[in-house]
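Fold and contact review
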Amino acid sequence: MAPPKARYNANKQENAVSRKPPKKLPSVGVPKKENKKTSTLKKSSVSENTSVSDKSNVVPSVAFKTFVSARLCSAIWAYISDCDETYNYWEPLNYIINGHGLQTWEYSPQFALRSYTYLLLQGVPGWIYQKIFHPSPVLIFYMIRCMLGFGCAVMERFMYKSICQEFGIHIGRLWLIFQLFSVGMFISSTALLPSSFAMYFGCSALAAWWTKKYPLAIFFVAIAALLGWPFSAIIGLPIALDMLVRQRMFRTFFLWAGISFVTIAIPMIVIDSSYFGKITFAPLNIVLYNVFTSHGPNIFGTEPLSYYLINGFLNFNIVWILALITPIMLIIDYFVVPAKSSSTLNFPRYITLAPFYLWLVVFFAQPHKEERFLFPVYPLISLCGAITVDVFQRIFFRLKTLLVKMKNSSTTTHYLDHTMFIAIIIMIISTVAGLSRVFALYRNYHAPMDLMMELSQFKTSNEYRENQIYNVCIGKDWYRYPGSFFFPASNFRLRFLKSEFKGMLPAYYAEGDNATQIIHPYFNDMNQEDERMYFPYEDCHFLIDFDEGKYTELEPSYSKRTKDWTILKSLPFLIQDKSHRIYRAFYIPFLTDNYTSYGSFNLLKRKKMKLS
C-alpha cells in the first residue's frame, strides 16, 4: 500500500505563515473591487498577523522579554574575553567620559584605524549618566553593558518575527531557544566591539530583507559597515544581488545606498576628523591596513582552520555542527521529501542563507582568526541549526511513512505531530551544554573583574588620599585587565611591568586639550615593543599577579615577596595547562573539580607606600 499523502510544508496554520489567501469574509463599507497591488499587500498583512497571533507561537512581546532577561544576565555575568575590547574600546571610552584612559596605536592620528563616532554612540548615554548622577565608574560600565544587551534584544525580537514569517513558526521557536542558551550570544551580545555592533545591525538588515523592507535593509547594512565594522558589508552582498539581479530594483538600491552614505558617512567623517585633527574616514583606513599592506593583520593571531571549528562548537555546541551541514541536509531534503510547495515565504533558501556561508568562506580563509570575527553571523548559526533540525524531522517523517503504515493516515497528517521528540532532544542537549559552558566561563575566568572591585574598599579606608595618584601595576597578565572603569576614582592609573611579552602596549592619552590629536613617538603598526611603556617596579602601589606556579626572571611570583606586598584579595583562576580540555570547557558536577587546576589571582598592596 502506498504511504498516505502527507503535508511536509512547515508553514501550515499551526506552525508558520500560511500561503493560502484567507477565506473571503463579509465586508461592510469595503469596495468589492481592488487592484492587484492592494490585494497582495492585504494578503501579506493577513499572513503576518496570522503568524504573530497564532496561539501555538511565542508572541513577539514574550520573546522580547526573554531576550532582554538573557542579555541582562550577560551584561552582569559575562567577563571580557578579548583584550582588544578593553584597550581599543573601554579605555578610549573611559577617556571620553572620565577624562583619562589608555590609547592604542590604532587611535594615533598617524594611523586612525578606529572611529570615535562609534565610541560616542555608546559613550553619550554613559556621559549623561555620569554628569547627572555622579556614580562610581563601574556603575557606568554596567549601565553601558545593559544598554548594549537591550539593543541586542531589540534586534533579536525583530529577527524572530521575520524568521517566523519567512521560514515558519517551528523554525522560529527553535531559533528562539538556541539563541537564549547560546554561549556565543552570551559573550557577544554585550561586548563593546564593532563586530557585536555589526551583528545588531547586520542581522536586522537580514530581518528587514526577509520581509521585503529593502530601504531599511540597505540602511542597516550601511550602519553595520560604516559605524561598526566595514567587513560586515559581506552580509549585504546577497541583499544587493537580490535587488540588482533578481528584482531589478536599480533605482531603490542606488537611491538608498546614497541616502545611507550621506546620512552616516558624512557626520562620521566630520566627528572623526575633529578628534584626529585631520580629514579621517576610519572604515577606509582599516580596510587599507588589513587588505593592502604587506603585514596587515597577520603580525599576530594567525591560527589554523581548526580554531574556528573548535571555537564554534564551544559557543554553540551541537547547533554549530547542525549549521555546518545545513546545505547538505537541504539537498537531501529536496530529493527525499516530496514537498511540492516551498517552505519559505519570499526567497529560496540558497539566497536567504547565503550571508552566513559567504562569511564562513571569507573568514575561514584568513590566516588571522579571532573569536570576535564570527560575531556578526552568530544569530545565523542558530537559524541554520534550526533549519537542519526541521529537515531532520521531515526526513524522519518521510522514512516513517514509507516503512510504517500509520494508524490515522489522512491528508491532515503533519510531520510535526510525529517528530517533535527530535526537536525536544536537540533543544535539551543544546540548552544543557550551553548552561554548562556559561557556568564554566564564569567560574574559571571572572576573577579579574571581581578582584578589581576590592580597590573600592581601599578608597573608603583611612589610608586613601584624594590628591595622590595610585599606580596599579600589571605584568604578564596585562591582557586580562578589565579596564579603568573598575578603578574606584580618577586618581588610579594602570602601569605595565616588563614581562616576557615583546609586543606593543598602549599608553595613556596626553594631558590637556586636543589629546586625541597628539602623535606619540613610540606607537607603530608593526607590534614592536617600546621600552618607554614600562613602569618602575619600586613605584607601584598595587600589583595584579596571577600565581600559577610558573616563574621566570621577568615574571616572578610577586605574591611571594611578602616583605614588599600584602594580599588584599585572592580569587581562583583556571590554569589551562593543568586542566583537562573537556572539563575546563564545560562544567560537569562532581567531575570538573577532579580534572581542573586553579591558581591564585591576587591583588597586592605595597606595605610601605611611597606617597608624593
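Attention in this report is confined to the structure presented alongside it. (Residues numbered from 1 in each chain as written. Predicted model: local features only at pLDDT ≥ 70, side-chain atom pairs only at ≥ 80, totals over all residues. Heavy atoms only, no water.)

1. Quick notes on the pairing of strand S7 (residues 598-606)
A large share of S7 lies buried, amounting to seven of its nine residues. For strand S5 (residues 542-547) and S7, the ladder comprises six bridges, and the chain directions are antiparallel. Within S7, the position partnered with Asp545 by the bridge is Asn602. Both strand S6 (residues 565-574) and S7 contribute to a ladder of nine bridges, which runs antiparallel. Among the inter-strand pairings, Leu574 is bridged to a residue of S7, identified as Tyr598. (Buried < 20%, exposed > 50% of the residue type's maximum accessible area, 1.4 Å probe, protein only. Helix = DSSP H or I, 4+ residues; strand = E, 2+ residues; numbered from the N terminus. Pairing = 2+ DSSP bridges.)

2. Observations regarding the state of the cysteines
Applying the stated criterion across every chain, the model contains one disulfide. Each sulfur in the disulfide pair Cys473 and Cys540 lies 1.9 Å from the other. Across the S-S bond linking Cys473 and Cys540, the dihedral sits near -95 degrees, which makes this disulfide left-handed. Taken together, the positions of Cys473 in strand S2 (residues 470-474) and Cys540 in the loop between strand S4 (507-508) and S5 put the pair 67 residues apart, joining distant regions of the chain. (Disulfide = S-S within 2.5 Å.)

3. Details of the side chain of Arg398
Its location among the elements puts Arg398 in helix H18 (residues 378-403). Despite being buried, Arg398 has no salt bridge partner; Asp333 is the closest side chain of opposite charge, sitting 9.3 Å away. Looking at Arg398, its side chain comes within polar contact range of the main-chain oxygen of Val336, at 3.4 Å. (Lys, Arg positive; Asp, Glu negative; His and termini not counted. Salt bridge = Lys/Arg side-chain N within 4 Å of Asp/Glu carboxyl O. Polar contact = N/O pair within 3.5 Å; in protein donor to acceptor, adjacent residues only side chain to side chain.)

4. Remarks on a nonpolar patch on the surface
A cluster of nonpolar residues, Ile328, Ile331, Ile332, Tyr334, Phe335, Val336, Leu399, Leu402, Leu403 and Val404, forms a patch on the protein surface that exposes about 1100 Å² of accessible area. Looking at the nonpolar patch, the elements with two or more residues in it are helix H15 (326-336) and H18. Considering every element that reaches the nonpolar patch, the biggest residue donor is H15, with six residues. Relative to the helices and strands, Leu403 is located in helix H18. (Patch = residues over 30% accessible without salt bridge, like charges linked within 9 Å, V, L, I, M, F, W, Y side chains within 5 Å. Areas by Shrake-Rupley, 256 points an atom, 1.4 Å probe, with all protein chains shown as cover.)

5. Considering the packing of aromatic side chains
This structure, assessed with the given rule, holds 62 aromatic pairs. Ring geometry for Phe261 and Phe281: centres 6.4 Å apart, planes at 75 degrees, overall edge-to-face. A residue pair is termed long-range when its members are at least 10 positions apart, and Phe261 in helix H11 (residues 250-276) and Phe281 in the loop between H11 and helix H12 (282-292) qualify at 20 residues. Its relative accessible area of 41% is what places Phe261 among the partly exposed residues. Both rings, one in Tyr537 and one in Trp565, keep their centres 6.0 Å apart while their planes meet at 65 degrees; by these two values the pair is edge-to-face. Of this pair, Tyr537 sits in the loop between S4 and S5 while Trp565 is found in strand S6, placing the two residues 28 residues apart along the sequence. The buried category is assigned to Trp565, whose relative accessible area is 3%. One aromatic cluster is present, built from ring pairs that chain together Tyr87, Phe458, Tyr464, Tyr470, Trp478, Tyr479, Tyr481, Phe487, Phe492, Phe496, Phe501 and Phe542. A cation over an aromatic ring shows up here: Arg493 above the ring of Tyr508, its NZ or CZ 5.6 Å from the ring centre. Its end group placed over the ring of Trp565, Arg606 keeps NZ or CZ at 4.4 Å from the ring centre. (Phe/Tyr/Trp six-rings, centres within 6.5 Å; stacked < 30°, edge-to-face > 60°. Lys NZ or Arg CZ within 6 Å of the ring centre and 35° of its normal.)

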